[in-house]
Structure formats: C-alpha cells, structure tokens
Amino acid sequence: MRKYEMVVILDPSIDERTVTSTFEKLVQVIPAEGGTVDKVDVWGKRKFSYEIQKKTEGIYIVLSFTANSATAKELDRQLGLNESVLRTKLMRLDAE
C-alpha cells in the first residue's frame, strides 16, 4: 500500500454545500478495494488562469489516501468518466 494525493477540480455549477457528500460517493472505490481515505480537503471555488472546458472557475478538492497502484489508477479512470469532474492530478507521495 502506498500513499497518494489527488487534486480534483469539479464543475462550479455543483452546489457547494453538497460537494463533500457528492465527492465521497465518487471515491467509494478506495475502501471497496481495501484502501483508506486519509483526508478530504475542500478548497472551494477558485478562478482558473485559463479556461478549462469553457469554464473560468472550479471547485478544488485535495484527497489524501492509502491504496495500491491498481486502485489509484481505477479511481483516476472513474473520475475521468464523470461529467462533473473537470480535471484530476494523481501524485504518489514518496516514502519519508
């Protein structure tokens, strides 16, 4: 099991009060495959420096989790298929 950090940018039209519950449904693959969600940090709406899919702002979420590499790839794939997700960035944290 390795530690990962993922930055997810969601569509700004999603209601900000329901972002956490919506995002928890999206990351169900992690506990289903034996991993753990360590921290979910919702940054809220931020402006982009350039347009992404004709949008000028998005809701940023930083997710820290522990899982194997296959689970991390599957999570990234599933988030890429979701229409409310504009961008994702998955990073493996080095051993300290």
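Source: prediction; values computed, not measured.

Explain the environment of I9 here, please?
Mapped onto the fold, I9 is located in strand β1 (residues 2-10). Distance from I9 to L63, taken between C-alpha atoms, is 11 Å for residues 54 residues apart in sequence. For I9, the residues in contact, after removing those within four places along its chain, are F48, G58, I59, Y60, S84, V85, L86 and R87.

Can you help me understand the sheet that holds strand β2 (residues 36-52) in this one?
Two strands in a sheet stick together by hydrogen bonds in their backbones, pointing the same way (parallel) or opposite ways (antiparallel). The four strands are arranged β2-β3-β1-β4 in an open sheet whose pairing can be described as antiparallel. Only two strands of the sheet have a single neighbouring strand rather than two, namely β2 and β4 (85-92). Averaged over all neighbouring strand pairs, the angle between strand axes comes to 20°, with direction disregarded. Sheet analysis places β1 next to β4, joined by seven bridges and oriented antiparallel. By the bridge assignment for β4, E5 is matched with M91. The strands that helix α1 (residues 19-26) touches are β1, β2, β3 (55-67) and β4; relative to β3, the one it contacts most, it runs at about 50°. Here helix α3 (residues 69-81) sits on the sheet and contacts β1, β3 and β4; the angle it forms with β1, its principal contact strand, is near 5°.

Which parts of the structure should I look at to understand the nonpolar core?
The nonpolar side chains of a soluble globular protein tend to be buried with one another. Grouped together as the largest cluster of nonpolar side chains are 20 residues, with contacts concentrated most on L10, L63, F65 and L75. Taken together, the elements giving at least two residues each to this core come down to β1, α1, α2 (29-32), β3 and α3. Not counting residues within four places of it along the chain, the set of residues in contact with L10 comprises V19, G58, I59, I61, S84, V85 and L86. Core analysis: the next-biggest nonpolar cluster, separate from the first, contains five residues, I9, F48, I52 and L86 among them.

I keep staring at α3 and nothing clicks. Help me out?
Since one α-helical turn is 3.6 residues long, residues separated by three or four positions face the same way. The end-to-end C-alpha separation of α3 is 19 Å, in line with the 18 Å expected for 13 residues at 1.5 Å each. Considered for burial, the residues of α3 that qualify are T71, A72, L75 and L79. Viewed along the axis of α3, the buried residues span an arc of 100°, placing them on a single side of the element. Counted as exposed and oriented over 90 degrees from the buried face of α3: K73, G80 and L81.

Help me understand the environment of R2, please; the structure alone is not making it clear to me.
Within the element layout of this structure, R2 appears in strand β1. Distance in space between the C-alpha atoms of R2 and D94 is 8.6 Å, their sequence separation being 92 residues.

What is the right way to read a nonpolar patch on the surface from this model?
A surface patch of nonpolar side chains, amounting to about 180 Å² of accessible area, comprises V37, V40 and V42. Relative to the helices and strands, V40 is located in strand β2. Relative accessible area serves as the criterion here: at 32%, V40 is assigned to the partly exposed category.

The rules behind the values
For every chain, the first residue of the written sequence is number 1, and numbering continues from 1 onward in sequence order. Restriction of local features to residues with pLDDT of at least 70 applies here, the model being predicted, together with a cutoff of 80 or more for giving and counting side-chain atom pairs; totals for whole chains, interfaces and linings are based on all residues. With hydrogens and water set aside, each side-chain value is computed from the structure's full complement of heavy atoms. What counts as a helix is a DSSP run of H or I of at least four residues, what counts as a strand is a run of E of at least two, and both are numbered from the N terminus. Contact definition: two residues touch when any of their heavy atoms are within 4.5 Å. Between any two strands, pairing holds if DSSP finds at least two bridges. For helices, the axis comes from a line fit to the C-alpha atoms of the stretch in contact; other axes are also lines fit to C-alpha atoms, and the angle between any two N-to-C directions lies between 0 and 180 degrees. Definition of nonpolar core: a set of buried residues of the types Ala, Val, Leu, Ile, Met, Phe, Trp, Tyr and Cys, connected through side-chain atoms within 4.5 Å. Whether a residue is buried, partly exposed or exposed follows from its accessible area with a 1.4 Å probe, protein chains only, as a fraction of its type maximum: under 20%, in between, or over 50%, in that order. The span you would expect from a helix comes to 1.5 Å times its residue count less one. In this description, one arc is meant: the one made by directions from the helix axis to the C-beta atoms. Every patch collects residues that have over 30% relative accessible area and no salt bridge, joining them within 9 Å if they carry like charges and within 5 Å if they are nonpolar side chains (Val, Leu, Ile, Met, Phe, Trp, Tyr). To be clear on the numbers: accessible area is Shrake-Rupley with a 1.4 Å probe, and residue cover counts the displayed protein chains and nothing else. Basic side-chain nitrogens of Lys or Arg form a salt bridge, by our definition, when they fall within 4 Å of a carboxyl oxygen of Asp or Glu.

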